[in-house]
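Structural description and commentary
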Amino acid sequence: MMSEHINTAGNHYDIIIVGGRPAGATLAARLGQAGLRVLLLERAVMPSLPAASSPIIYPATMQLLDEIGADEADYAHNTPRIRRLVSEVREDFRVTFDLPALFGRDYLYAIDRARFDAALWRTAARQPTVTTHDGFSVTDVLRDGKRIVGITGRANGRDTQFTANGVVGADGRFSLVARKAGAASYDEQSDMPTSIYYAYWKQVQPYASGAPIVHSYATGRGYGFGLMDSADGTTCVVIEGRANALELGAAKAPELYLQLLQQHPRVWRRLVGAKQVTDVRGMRNIGNMYRTAGGPGWALVGDALHQKDPIDGQGIYDAVVTAKLLAQALVAWRNGSITWEQALHQYTAAVRAETAPMYAVTMDRVKRELYTEHPAWAYRSWLRWLVTDPEYGRRMVWLLSRGLPAEGWLPRAVFFKALARGAVRDVARRLARMPEPYALPPLAV
């Protein structure tokens, strides 16, 4: 049943937010805390799943949610705390990473997005000055000259319009607000598109010790797998790779998804006897770019503003941190300390400073891990030396957890010392006739 928290005092607001997922809901909560009168609109009826998104949230994201009073026991209800990441690379090696204690937590979640999004929606709705309306489809924007001053939309078979001092598009990659406002894109990375398919499973075989983990498997063929223990005893099973490596051809997405899982015993062994409990969802030819942050009477946030490949699991963090940055700018504007144009300038600069370094790292990872064909000898030598090096592993996990600045996260000295340590370790191990400590265990026959 459609849920509403409707303010009947009039159809004019300080801010209208189009899109009630993490970016829109957390922005509404922050603006509501500052006393702004906000209308939060969402096309879907909550709770519902988004089209496609990484379910991972790191401690840095949870700290931002703490700031708005989001209840971890609510958004992560019955979801296991994951403290370990295990990465398998072909049949060549595997390495384990433990989560550091950062921002007051030493764990991450692979959350149920429907539950998570609904919890954030309720957090926004608890603010007395925030009006929420789901099941509402925005169809156009209203203008006064060049300035956007509101929206038109439809709910329950009725056309409605609302006006505001500002309209924010939090409506995702295919943002209607961005399109209607004519937002330009820039810093596009269109030469390395990827595709992703995923579904949730139950009764998946546990990995090794049985503790909740994120288990990844790299095929070396331009795609890889991720298995993430999630809510209510489910496991999110993901395939991501180069778009041309995951072309559907004559197959449909569910067929390709199952075919690829079955072709890789290291993955499929965990799914034998398991049951797929959701449809296969996903996205093809994922883009990487920024859009203009705003213009007269409008602004963008979350995926409507900045999109990058999900390989690093940073999408939800980007959504909630850009919401915080926009809230800071809008509150200063509403208090009269800066103009709308100055608020947009402040917001644009802050977003670039926060997201551009990780954007560069993500694009480098896509190129290196999905778009570079390494020879077999590289996996058995320098790639193994690098990835299994403790200092490299520490830096990688701290990077993903936002405990290490993305810019310069892997200095050249660290890179070459890791290779040297690995080569020396191999020589010493062979002289002592010791087994390879990072070898994958044999598959059961």
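Here, every reference points to the structure presented above.
Residues numbered from 1 in each chain as written. Predicted model: local features only at pLDDT ≥ 70, side-chain atom pairs only at ≥ 80, totals over all residues. Heavy atoms only, no water.

1. Details of the overall build of the protein chain
Along its length, the protein chain carries 13 helices and 22 strands. The C-alpha atoms of the protein chain give a radius of gyration of 23 Å, which matches the 22 Å a tight globule of 445 residues would have. With the principal axes as the frame, the protein chain shows a C-alpha extent of 80 × 45 × 40 Å. Within the protein chain, the fraction of its 445 residues that count as buried is 55%. Across the protein chain, the fraction of contacts at a sequence separation of at least 24, relative to all contacts at a separation of at least 6, is 74%. Within the structure as shown, the protein chain displays about 19000 Å² of accessible surface, and the carbon and sulfur contribution to it stands at 53%. Distance from the positive charge centre (52 side chains) to the negative charge centre (43 side chains) of the protein chain: 3 Å. (Helix = DSSP H or I, 4+ residues; strand = E, 2+ residues; numbered from the N terminus. Rg over C-alpha atoms; globule rule 2.2 N^0.38 Å. Buried < 20%, exposed > 50% of the residue type's maximum accessible area, 1.4 Å probe, protein only. Contact = heavy atoms within 4.5 Å. Areas by Shrake-Rupley, 256 points an atom, 1.4 Å probe, with all protein chains shown as cover. Lys, Arg positive; Asp, Glu negative; His and termini not counted. Charge placed at Lys NZ, Arg CZ, Asp CG, Glu CD.)

2. Quick word on the nonpolar core
Burial of nonpolar side chains together is a common tendency in soluble globular proteins. Ile16, Ile17, Leu31 and Ile151 are the most contacted members of the largest nonpolar core, which has 85 residues in total. At 14 residues, the largest contribution of residues to this core is made by helix H8 (residues 315-334). In this view, Ile17 contacts Gly24, Leu27, Ala28, Leu31, Val38, Leu39, Leu40, Leu41, Val168 and Ala170; residues no more than four positions away in its chain are not counted. Within the second largest apolar cluster, 37 residues are counted, among which are Ile82, Tyr200, Met358 and Met396. (Core = buried A, V, L, I, M, F, W, Y, C linked by side-chain atoms within 4.5 Å.)

3. Observations concerning empty space enclosed by the protein
Under the criterion given, the structure shown has two cavities of 30 Å³ or more. Taken as a whole, the second largest cavity encloses approximately 30 Å³ of empty space. Considering the residues around the second largest cavity, the lining is formed by Gly302, Asp303, His306, Gly315, Asp318, Ala319 and Thr322. Ranked by residues supplied to the lining of the second largest cavity, first place goes to H8 with four residues. Residues belonging to the lining of the second largest cavity are distributed by class as follows: one nonpolar, four polar and two charged. (1 Å grid on protein atoms, 1.4 Å probe; cavity = no way out; pocket = protein on both sides within 12 Å on 5 of 7 lines; lining within 4 Å. Points joined across faces, edges and corners; volume = space filled by probe spheres on them. Nonpolar A, V, L, I, M, F, W, Y, C, P; charged D, E, K, R; others polar.)

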